Amino acid sequence: MAETQDVRMRQKKARLIFQAIAKDWRLYVLLMPMVIWFAIWMYKPMGGLLIAFKRFDPSLGVLLSEFKGIDNFINMINGVVKEEFWQAFRNTFIISSYSLVFGFPVPIILALLFSELNHEGIRKITQTITYLPHFLSEVTITGIVLMLVYNGVHSAGVITTLFINQGWIEPNASIIQQANYFRPLYIITGIWKESGYNSIVYYAAIMGISPALYEALKVDGGNKFQEIRYVTIPCMAPTLIIMVIMRIGRMLSIGYERVLLLYNTNIYVTADVLSTFEQRIGIISGNYGIGSASSLFNSLIAFALVIGANTISRNISKTSLW
Amino acid sequence: MSMKKTAVVITLLLFAIAMAFAAGEKEIAAPEPQAAKTVAVKVVDLSKNVPLKFNLAYSNKSRTMTYNQSSPLTLSDGSVVTAGMLKPLWTSLEKKVNAKFADVAIQDAKANDMIKTESTSNFAGANIYGGNSIATELMAYGAEGKFVNLSTLMEQGLMPNLKKYLDANPNVKTSITAYDGGIYQVPYIAEIGEIARTFCIRETWVTKLLDATAAAYDTKPFTTFYKGFLVGANARTGANGGSVTPRQGVTITKKTAENIVELQNALPVKNGKTLTEALVSYIKRNYSYAKPSQLFLGADAAYDVDELVALFRAIKANAAYLTDGKATEVWPYFSRQSNYREDLLRMATYFDGYRVHGSDSYESRWYIDAAGQIQYTYSTQEMYNLLSIFSDWNAEGLLYTDMFDVASKANHRTTLWGTDNATNPKYGFMTYDWIASSTADALNKDISVILPPVAKVNGVWQYYMDNTRVIKSDGWAISVAGSTPEQIERASVVFDFFFTEEGRLWQNYGNPADLKSTDGYIGPDGKKWPEYTEWTPAAASKYAKGDLSTFLRDWIGAQMPIGYPKEIGFEYQYTSKKGFEGWALLKASTTNIPSYAGTGLKGTNPNYYKLIPPAFSLTPRQSEILNDTTSFTDDIVEIMFNVIRYKTLGNAPSGAFVAKDYAAYLDYFKSKGLDSYVKVFQASYESMSQ
């Protein structure tokens, strides 16, 4: 009897799902490409994480390669590459944290400034100029940066010349060879490249705020700064929190392209990050196991970070990703 | 009964022990040399057309077997080649072996990336795989059964010409034999027995500096750091290099134990004038040359490394005088590109013969010791001392600093030799590079080849150059998974063709129809070589700015780094008059070079003159050990060059590791797994050389 009821319940549930799909089938069709994209590019490659537990031989493939347990992890944290790994791990955290602290507010400030620009023409031109670097490739951007900081026998870049003239660096010194210049260089380049484009989401959030709120504040005698303080920022808060959570989730995923193009052996101490470590050890040196182990390790920590940030946010501000 | 049993057991035990010892003795007995087996040649039936796919990767789409030039090429017979077609040599070969060739390579793929990618399909995507610096991989995958064992094919009577070549050149055979005894790849064998890079200089600077009377030398102050090498107990005099023989019948004798570096260092005022005058006066006191410049120039040159440094100093300190006021700075030594900077390390030879590279490859960081075992060179005390000496040179401004910046893609040779007539010229004096391109008239007509410095090499004072042309780690192999027996057989015909007389001509010179049939080109070695008709140089001029080598590679499809023996005859014809004279100078001199057989003036190490194989054949276990316990990347070179750049000047940038002493230097290598690294390669070399 109970079994029959159970079957009926299941049939009813299936019918409801089918009806829901049939009702909104157009939306599901629209969703399909993204689902397929995720399946192919995000879920299928996860199988490659098995490499972290194997002595990977490309000719045998992931499944047939010899199983090694956690040997790759032990080698990574305590073997011949341990110093490089921990250095990369530390740098990843530091660069991410600096980027968060210095890079995160800039697009918000930009969005606020854009929203206060009354002249539409000037606003559009300014926005376009700030968005532009985002559409240039990392190679072009770093090429420009390297040109600016170049210091050779026959010529020197504008920034290097400025620093030398100001006495901040020795005439023969090269900024790109100095470990202490890498992080500012990386973060400033990132801010220049991405803050304009990143401001779009905040600008959209500001545009979505009801004008009635600003009018009410004006009636109460509020000035421009009070508008920002009491209306704009509180209304943007959910967007800001979601963006912070997402940013924390990406803390250990510093893109390797810019670092790879800017760094060299002499500045590994501040520049080598997990993604470049994985590229160098995993791909160039052919130690796929350690490369994958590092990647998995990285992902697990990022996962923990995003859960933590989400929980904290939910408890404090009642805003969360899930 | 029990006594009997015990006696039997003891007897059996003693017998077993005796047998074991006997077997052991037999094992260590020297193997009998085996004569090459005669095998009946198997003639391949070429009547049926067979499709063959090629995947040859050279990181450069112009270098593949497909014609990738934007403008069509009109050949001497009037036929036209356009983009996307096979290059003419390969179209001709296709007909010759009755096959249908398909180039399946990603045209600008790196060979190493290609091998990694294709290994995932067990190399089933093509019949023939090839590329640069992949010999280790081809041998490793070959031993795993993924490439055809060419020894087996040769035993079956296939590839008779390759077999003949290997039988005649057992050292080549040993160098390409994998750990399991199989031969899986045919290498690019580049002009074995010929000198590779040489010292090339601006000739008139030496004469202007040393032979001029009442010259207006510069007086800008100069600071010295280098203390000299042939000083104190190592002074060059008497048995320690007092007399040397640059060419047969000529002896140059240094008359005193003076050291020019010490003399220059002791000068109360150091500038272009004083440094040069000290050098000129030293040469006059110590040698009997008609002109002081002869110490460095010509067939009787007999300078040592300290005298070379003294000349470098004089050049550095006389920038305005040497360039007629066009420059305030000149660079005595430079490498062509920053990624060739390791050529500087080859100077080690002239510091009592320390060997840095065992072959014509920066990766070959080994030499063979007196016991026949290979030793790693980059981590030794001698290397550290050498880097410290170079650091002194760098502090004196003798080394071009831009060559240390590996991010720089500039061609320093073009900058420092090829801008004399530019508005803002830059000047360099010497580099260690290939003769043909360095002495090209289009670059600078003043560039000449000089003899190497004299040095105590392997305990014997001599003229010696360690950089010779060798078997390369480039080559090709036949895939097992991608090929039917018919395709393997046809691929073997292709491989063998380049070891025939006809194939040798094709790959070395291009279309034989474009060679003169009767005449021959007499090289500086006195030998007669195939000579081009007017068409080839004219076409090279029209299509490749006169660069014959590039024209043959990128337009014709010849001289590719596939398995074939390359010869020097082409290069002689491509060399300028100055270059030709340089070749003649070296050929007529007593300069010794290493070889696979290891012949030369025997000294303290009987294996000193032996070249290291182009690639090591590692077993899977050895590869595992390397993966798990070592981390030897190119960062090592950067750390070494940090010593050169920063040790003496003490101007290291923040974060850069500069080994203050040898203990710190060695610790760095040990942290990368040095002991394990050396053991693995020693074991590999041992198994390859047995």
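Thresholds applied
Residues numbered from 1 in each chain as written. Chains lettered and ligands numbered in written order. Predicted model: local features only at pLDDT ≥ 70, side-chain atom pairs only at ≥ 80, totals over all residues. Helix = DSSP H or I, 4+ residues; strand = E, 2+ residues; numbered from the N terminus. Rg over C-alpha atoms; globule rule 2.2 N^0.38 Å. Buried ≥ 20, exposed ≤ 12 C-beta atoms within 10 Å, placed from the backbone. Contact = placed C-beta atoms within 7 Å. Arc of directions from axis to C-beta. Domains from an automatic or database assignment. Nonpolar A, V, L, I, M, F, W, Y, C, P; charged D, E, K, R; others polar. Pairing = 2+ DSSP bridges. Axes fitted to C-alpha atoms, helices over the stretch in contact; angles between N-to-C directions. pLDDT = per-residue confidence, 0-100. Parallel < 35°, antiparallel > 145°, perpendicular 65-115°, else oblique. Left-handed = near helix turned anticlockwise from the far one by under 90°.

### Quick notes on the overall build of chain B
When its secondary structure is counted, chain B shows 25 helices and 20 strands. Its C-alpha atoms give chain B a radius of gyration of 28 Å, within 12% of the compact-globule value 26 Å for 690 residues. Across the 690 residues in chain B, those meeting the buried criterion constitute 48%. In chain B, 73% of the contacts between residues at least 6 apart in sequence involve partners at least 24 apart.

### Here's the deal with helix α18 (residues 535–544) of chain B
All names here are of chain B. Those residues of α18 lying buried are T536, A539 and A540. In a view along the axis of α18, the buried residues occupy a sector of 105°, so they form one face of it. Looking at the packing, one finds that the buried side of α18 touches α19 (548–556).

### A word on the domain arrangement of chain B
Residue and element names in this part refer to chain B. Under the domain assignment, chain B is made up of domain 1 (50–186 + 476–574) and domain 2 (196–467 + 578–617 + 631–672). One C-alpha centre belongs to domain 1, the other to domain 2, and the line joining them spans 36 Å. On the domain 2 side, the residues contacting the 13 residues of domain 1 number 12 residues. By residue class, the composition of the side of domain 1 that touches domain 2 is eight nonpolar, three polar and two charged.

### Observations regarding unusual backbone geometry
All names here are of chain B. The backbone of D352 sits at a positive phi, close to 60°, despite the residue not being glycine. You can see D352 is positioned in the loop between β10 (331–333) and β11 (366–368). You will see that Q559, though not glycine, has its phi angle at about 55°, which is positive. Relative to the helices and strands, Q559 resides in the loop between α19 and β20 (564–566). On the basis of neighbour count, Q559 is assigned to the buried category, with 25 C-beta atoms found within 10 Å.

### Observations regarding the sheet that holds strand β14 (residues 447–450) of chain B
Sheet strands pair by backbone hydrogen bonding; their relative direction is either parallel or antiparallel. All names here are of chain B. If you trace the four strands from one edge of the open sheet to the other, you get β10-β13-β7-β14, paired in mixed fashion. Among the strands making up the open sheet, the edge pair consists of β10 and β14. Each strand axis lies, on average, 35° off the axis of its neighbour in the sheet, ignoring direction. Sheet topology places strand β7 (residues 197–202) next to β14; four bridges connect them, and they run antiparallel. Within β14, the position partnered with C200 by the bridge is V449. The sheet contacts of helix α21 (residues 577–588) involve β7 and β14, and relative to β14 the element is tilted by about 5°.

### Regarding the sheet that holds strand β4 (residues 99–103) of chain B
Residues and elements named next belong to chain B. With respect to topology, six strands assemble into an open sheet ordered β4-β1-β5-β17-β6-β20, the strand pairing being mixed. With one partner strand each, in any of the chains shown, β4 and β20 form the two edges of the open sheet. Here the strands of the sheet are splayed against their neighbours by 20° on average, with no regard to which way each runs. In this sheet, β20 lies alongside strand β6 (residues 186–190) in parallel orientation, the contact comprising three bridges. Residue pairing for β20: A190 is matched across the bridge by K566. Packing against the sheet, helix α3 (residues 111–119) makes contact with β1 (50–57) and β5 (128–131), and its axis sits at approximately 125° to β1.

### So, the confidence of the model for chain B
Residue and element names in this part refer to chain B. Counting all residues, the mean pLDDT for chain B is 92, and 95% of those residues have values of 70 or more. Below pLDDT 50 for its whole length, residues 15–34 participates in zero contacts with residues either more than four positions away or in separate chains. Reported confidence for the predicted complex is 0.81 by ipTM and 0.87 by pTM.

### Description of the packing of α18 of chain B against α19 of chain B
Residues and elements named next belong to chain B. The N-to-C vectors of α18 and α19 enclose an angle of 80°; their axes lie 9 Å apart at closest approach. As the angle between them shows, α18 and α19 are arranged roughly perpendicular. Side by side, α18 and α19 meet where T536, P537, A539, A540, Y543 and A544 of the first sit next to L548, T550, F551, D554 and W555 of the second.

### Examining the interface of chain B and chain A
With 27 residues of chain B at the interface, the matching set in chain A holds 27 residues. When residues of the side of chain B that touches chain A are traced back to their parent elements, those giving at least two are α3, α22 (620–629) and α23 (635–646) of chain B. Within the side of chain B that touches chain A, the residues separate by chemical class into four nonpolar, 14 polar and nine charged.

### Structural notes on the packing of helix α12 (residues 224–249) of chain A against helix α16 (residues 288–317) of chain A
All names here are of chain A. Interhelical geometry of α12 versus α16 gives an angle of 160° and a closest axis separation of 7 Å. The orientation of α12 with respect to α16, classified from their angle, is roughly antiparallel. When the axes of α12 and α16 are compared, the crossing they make is right-handed. Together, A237, I241, V244, I245, I248 and G249 of α12 and A302, L305, V306, A309, N310, S313 and S317 of α16 make up the contact between the two elements.

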